[in-house]
Amino acid sequence: MGKSLIIVLLVTALISCKQADKFGEARKIYEESMEIHDLVMPKMGELMSLRQELKTKKDSINDQEMKMQIDSLVLSLDLQHKNMMDWMKSIQPIPGDEHTGMDQPSSGSPSFSPGEMEKIQSESLEKIKNLEMDLNEGLKKAREFLDSHH
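None of these values were measured; they are calculated from a predicted model.

### A few points about the environment of Glu53
- Relative to the helices and strands, Glu53 is located in helix H2 (residues 24-59).
- Considering only alpha carbons, one finds Glu53 and Arg143, 90 residues apart in sequence, at a separation of 9.8 Å.

Here it is as structure tokens:
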């Protein structure tokens with residue numbers, strides 16, 4: 001009787017652990033996205049600073065072609081900022097994730113299967129990777145323009 005009880009408890013514990021980690025792969029992908037996010041967010045301050053420098057530069061020049069270049073750079077930086085904010089709003093937390101504070105999906109939020117959640121997190125990861133590349137390129141172009149037009 002004692003051995004049977006121990007086996008039942010062990011099996012139950014193993015099943016519980018397996019169920020508790022059903023979003024494990026999605027969680028890994030989410031964490032990778034957050035690592036990139038943590039690298040990108042500090043650059044948002046630089047983006048805003050460069051944007052302001054460009055606008056100040058535009059106000060001090062008369063060259064229409066240069067003003068158009070500045071408008072294009074500012075528009076690009078604005079788009080990078082908007083895309084980052086949109087990405088952050090679209091983050092789908094993982095049920096049971098202590099980092100997001102969600103133990104269970106709330107009654108108003110959709111419930112996703114582990115496979116669906118993995119797909120959502122993979123798409124989110126791809127977006128933040130693209131955002132990082134685009135942001136780095138936009139910052140580089142803005143810096144180069146400002147450096148070449150003291």
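### What about helix H3 (residues 64-90)?
- Given a rise of 1.5 Å per residue, 27 residues ought to cover 39 Å, and the 38 Å separating the end C-alpha atoms of H3 matches this to within 8%.
- Of all the positions in H3, only Met66, Lys67, Ile70, Leu73, Val74, Leu77, Gln80, Met84 and Trp87 are classed as buried.
- The inward-facing, buried residues of H3 contact H2 and helix H4 (114-148).
- The backbone nitrogen of Glu65 has a side-chain oxygen 2.9 Å away, supplied by the residue at the start of H3, namely Asp63.

### Focus: the nonpolar core
- Leu54, Ile70, Leu77, Met84, Ile128 and Phe145 are the most contacted members of the largest nonpolar core, which totals 29 residues.
- Per-element accounting of this core gives the leading share, 10 residues, to H2.
- Every residue in contact with Leu77, bar those within four places of it in the chain, is listed here: Leu47, Leu50, Arg51, Leu54, Gly138, Leu139 and Ala142.

Basis of the calculations
Residues numbered from 1 in each chain as written. Predicted model: local features only at pLDDT ≥ 70, side-chain atom pairs only at ≥ 80, totals over all residues. Heavy atoms only, no water. Helix = DSSP H or I, 4+ residues; strand = E, 2+ residues; numbered from the N terminus. Expected span 1.5 Å × (residues − 1). Buried < 20%, exposed > 50% of the residue type's maximum accessible area, 1.4 Å probe, protein only. Contact = heavy atoms within 4.5 Å. Polar contact = N/O pair within 3.5 Å; in protein donor to acceptor, adjacent residues only side chain to side chain. Core = buried A, V, L, I, M, F, W, Y, C linked by side-chain atoms within 4.5 Å.

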